[in-house]
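# Structural characterization, general
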Amino acid sequence: GNSVTQMEGPVTLSEEAFLTINCTYTATGYPSLFWYVQYPGEGLQLLLKATKADDKGSNKGFEATYRKETTSFHLEKGSVQVSDSAVYFCALTSQGGSEKLVFGKGTKLTVNP
Amino acid sequence: GAVVSQHPSWVICKSGTSVKIECRSLDFQATTMFWYRQFPKQSLMLMATSNEGSKATYEQGVEKDKFLINHASLTLSTLTVTSAHPEDSSFYICSAETGDLYGYTFGSGTRLTVV
């Protein structure tokens, strides 16, 4: 079945450091890939998405590229801020719609000033 | 953008009572909604898929008689935790498929504590 393997945390960085959170997936067909962010005590917010190979999703300085050859969708940000402290989830759906999201276990990021 | 409103944000109830959680799509119609449960420091576990006008589809291991899901309209799905027990205490999150570039949008979650 479909699955997402996500880099385990927690990850602690200093402000302005470079961030990478690894995510690899196993899926049949051509899944859509997502990164969601969860701030303390809140629900999930879509951070970025990519729906086909070589697509790059980007938002708020975060980027991730859909790499079919390595089945990966790593999240990167060049300079993190304290406000980026949150839990980040990689996820996929096997089809474009009405299909359930499969989540990775989440990576907690703490950014210190 | 697509917004899902989830209420209440937190609730405390006595063991043996029932609690209803509402999930509303505010500016779009949601044919399909999803209910998740999140344990502390863990990922989201899909409990069930709610389809407007039909019975919900429950994931393996989820008690359908305990977690009642109703999706009577295109903008409202409810999750009722019946005869709640302390082990039902958790963070419950709903999600709706938006059918556009947003993909899926999530409610802000409900923290349920059963005492």
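All chains use their own residue numbering, which begins from 1 and follows the written sequence. Both sets of labels track the order of writing: A upward for chains, 1 upward for ligands. Side-chain atom pairs in this predicted model are given and counted only at pLDDT of 80 or more, local residue features only at pLDDT of at least 70, and totals for whole chains, interfaces and linings cover all residues. Side-chain measures were taken over the full set of non-hydrogen atoms in the model, leaving aside hydrogen atoms and water.

Let us look at the side chain of Ser72 of chain A. Residues and elements named next belong to chain A. Each helix is a run of H or I in the DSSP string that is no shorter than four residues. Each strand is a run of E no shorter than two, and both are numbered from the N terminus. Assignment of secondary structure puts Ser72 in the loop between strand S8 (62–65) and strand S9 (75–77). Buried, partly exposed and exposed residues are distinguished by accessible area as a fraction of the type maximum, computed with a 1.4 Å probe on protein chains only: under 20%, between the cut-offs, and over 50%, respectively. With a relative accessible area of 4%, Ser72 lands in the buried category. At 2.8 Å, the side chain of Ser72 and the side chain of Thr70 are in polar contact. Note on contacts: a residue pair qualifies if any of its non-hydrogen atoms lie within 4.5 Å across the two residues. Apart from the residues lying within four places of it in its own chain, the contact partners of Ser72 are Cys23, Thr24, Tyr25, Leu33, Thr65, Tyr66 and Arg67. For this analysis, a polar contact is any N or O atom pair within 3.5 Å, provided that within protein one partner can donate a hydrogen and the other can accept it, and provided that sequence-adjacent residues contribute only side-chain to side-chain pairs.

All names here are of chain A. Mapping Asp84 onto the fold places it in the loop between S9 and strand S10 (86–93). A distance of 2.8 Å separates polar atoms of two side chains, one belonging to Asp84 and the other to Lys77. A distance of 2.8 Å separates the side chain of Asp84 from the backbone nitrogen of Gln81, its partner in a polar contact. Apart from the residues lying within four places of it in its own chain, the contact partners of Asp84 are Phe62, Lys77, Leu109 and Val111.

The next subject is the nonpolar core. Put simply, a nonpolar core is a bunch of buried Ala, Val, Leu, Ile, Met, Phe, Trp, Tyr and Cys residues held in one set by side-chain atoms that sit within 4.5 Å of each other. Counting 26 residues, the largest nonpolar core has Leu19, Trp35, Leu48, Phe73, Leu75 and Tyr88 of chain A as its most contacted members. Those residues in contact with Phe73 of chain A that lie beyond four places of it in its chain are Cys23, Leu33, Phe34, Trp35, Leu48, Lys49, Ala50, Ala64, Thr65, Tyr66 and Cys90 of chain A. With 25 residues, the next largest nonpolar core counts Val11, Val62, Ile69 and Tyr92 of chain B among its residues.

We call a pair of cysteine sulfur atoms a disulfide whenever their separation is within 2.5 Å. Taken as a whole, this structure holds 2 disulfides over all chains when the rule is applied. Residue pairing for Cys23 of chain A: its cysteine sulfur links by disulfide to Cys90 of chain A, the two sulfurs lying 1.9 Å apart. On the sign convention where negative means left-handed, the S-S torsion of about -70° between Cys23 of chain A and Cys90 of chain A marks this disulfide as left-handed. In this pair, Cys23 of chain A sits in strand S4 (residues 23–26) while Cys90 of chain A sits in strand S10, placing the two residues 67 residues apart along the sequence. Taking the relative accessible area as the measure of exposure, Cys23 of chain A reaches 0% and is therefore buried. Across the disulfide, Cys23 of chain B is cross-linked to Cys94 of chain B (sulfur-sulfur distance 2.0 Å). Its S-S torsion of about 80° marks the bond between Cys23 of chain B and Cys94 of chain B as right-handed, since a negative value means left-handed.

Without other data, these values stay purely geometric and don't point to any function.
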